[in-house]
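A structural walkthrough
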Amino acid sequence: MAGLLSFPRAQQAQIIRANQRDIYHVSSLREQTENVLRSWLGTRWLTRWDREVDLLTKLVYYGITIGRGNQSLGEEYTDIWQYTSFTSRTPPSARIRGLLIVLSTFPSYFLSKWAASPILNMRHPKTAKFMKTLPSLISVATEVNLAVFYLKGTYYDLSKRILGVHHNWREETSTMTGKRKQRADRRDAAAELFIDEKPVVDFLDLDLANEPAKPAEEDERTILDRSGQIVVLQNVAIFSAGIAL
């Protein structure tokens, strides 16, 4: 199995698009959840439990995708997969997946919850002060991790860097070989076809995107090419003159 498959490292653009796609789907799921809860329980209840709704939405989305060992919708969109080692190419274990979901969701929830707690401010002012500065430290660490990602192309999320979870682009070598064989078969079949008395295979290797446009009357690959007709007419005229003499 390992000899038949090739797992190149996912490109930066693929990882970024996957992350953006996941954010979009999480936001869409949260909006729909809020609409249902607002109609059932009212706006006041939703405002009170806003953080919990956000946490629950993320847990549901990442739980039914990454938690079950599947691709997220963003990863499926860009055809990338999570792995924990470049050498063995093993998918993350259930424990790693669980930790990845926890690190991606719970820290922001608890920090926002504790920072706004009046009891913590009254009883433990130093701890409350540290909890208020901790989001800034995490933000700086996230920015540094993002800068390293743009240099190295790995670990877009800080939590994935901590757990050693990276993305590979799954590409089956046998499938690619089959596609190349199909292209060769099509080329052989095209050799037996003609367009304007020209073999179709002659057109397959042309770089038409970079070739300047020509009128059909001047394109030697069309039947409307006048240059070929002029040569024929000249030969006919010479032959007729020779007969007349």
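Residues numbered from 1 in each chain as written. Predicted model: local features only at pLDDT ≥ 70, side-chain atom pairs only at ≥ 80, totals over all residues. Heavy atoms only, no water.

By the naming in an unreviewed UniProt entry, the chain goes by RING-type E3 ubiquitin transferase and is assigned to Leucocoprinus leucothites. Here the chain is described in UniProt, under the heading Pathway (unreviewed entry), as follows: "Protein modification; protein ubiquitination." Check the Sequence similarities (unreviewed entry) section of the UniProt entry for the chain; it says "Belongs to the pex2/pex10/pex12 family." (UniProt positions renumbered as here; feature names shortened; annotations may be inferred.)

**Considerations on the side chain of H167**
By the secondary structure assignment, H167 is in strand β3 (residues 166-169). Looking at H167, the relative accessible area reads 8%, which means it is buried. There is a polar contact of 3.3 Å between the side chain of H167 and the side chain of K160. The contacts of H167, once residues within four sequence positions are left out, are R9, A10, I15, E75, I80, W81, Q82 and K160. (Helix = DSSP H or I, 4+ residues; strand = E, 2+ residues; numbered from the N terminus. Buried < 20%, exposed > 50% of the residue type's maximum accessible area, 1.4 Å probe, protein only. Polar contact = N/O pair within 3.5 Å; in protein donor to acceptor, adjacent residues only side chain to side chain. Contact = heavy atoms within 4.5 Å.)

**Some points on the packing of helix α1 (residues 12-41) against helix α3 (residues 50-64)**
Two elements in contact, α1 and α3, have axes separated by 9 Å at closest approach and are oriented at 130°. Comparing their axes, α3 and α1 come out oblique. The hand of the α1/α3 crossing is right-handed. Residues D22, H25, V26, L29, R30, T33, E34 and L37 of α1 form the contact with α3, whose own contacting residues are D50, V53, D54, T57, K58, V60, Y61 and Y62. (Axes fitted to C-alpha atoms, helices over the stretch in contact; angles between N-to-C directions. Parallel < 35°, antiparallel > 145°, perpendicular 65-115°, else oblique. Left-handed = near helix turned anticlockwise from the far one by under 90°.)

**Section: empty space enclosed by the protein**
All chains considered together, the criterion is met by one cavity of 30 Å³ or more. R9, I15, G153, T154, Y155, Y156, K160, V165, H166 and H167 are the residues that line the largest cavity. Here the residues of the lining of the largest cavity sort into four nonpolar, four polar and two charged. (1 Å grid on protein atoms, 1.4 Å probe; cavity = no way out; pocket = protein on both sides within 12 Å on 5 of 7 lines; lining within 4 Å. Points joined across faces, edges and corners; volume = space filled by probe spheres on them. Nonpolar A, V, L, I, M, F, W, Y, C, P; charged D, E, K, R; others polar.)

**What to know about unusual backbone geometry**
One non-glycine residue with positive phi stands out, namely D79, at about 60°. Mapped onto the elements of the fold, D79 is located in the loop between α4 (73-78) and β2 (80-83). Phi at Y155 takes a positive value of approximately 60°, unusual for a residue other than glycine.

**Overview of the nonpolar core**
Membership of the largest hydrophobic core is limited to nine residues, which are V26, Y61, Y62, I66, I96, L100, I101, L163 and V165. Of all the elements, helix α5 (residues 94-115) adds the most residues to this core, at three residues. Filtering out sequence-adjacent residues up to four positions away, L163 remains in contact with I96, L99, L100 and L103. Counting residues in hydrophobic clusters, the runner-up holds seven residues, among them I16, A18, I80 and F149. (Core = buried A, V, L, I, M, F, W, Y, C linked by side-chain atoms within 4.5 Å.)

**Quick look at a nonpolar patch on the surface**
A surface patch of nonpolar side chains, about 530 Å² in accessible area, is lined by V36, W40, L41, W45 and W49. Of the residues forming the nonpolar patch, the biggest block, three residues, is contributed by α1. (Patch = residues over 30% accessible without salt bridge, like charges linked within 9 Å, V, L, I, M, F, W, Y side chains within 5 Å. Areas by Shrake-Rupley, 256 points an atom, 1.4 Å probe, with all protein chains shown as cover. Salt bridge = Lys/Arg side-chain N within 4 Å of Asp/Glu carboxyl O.)

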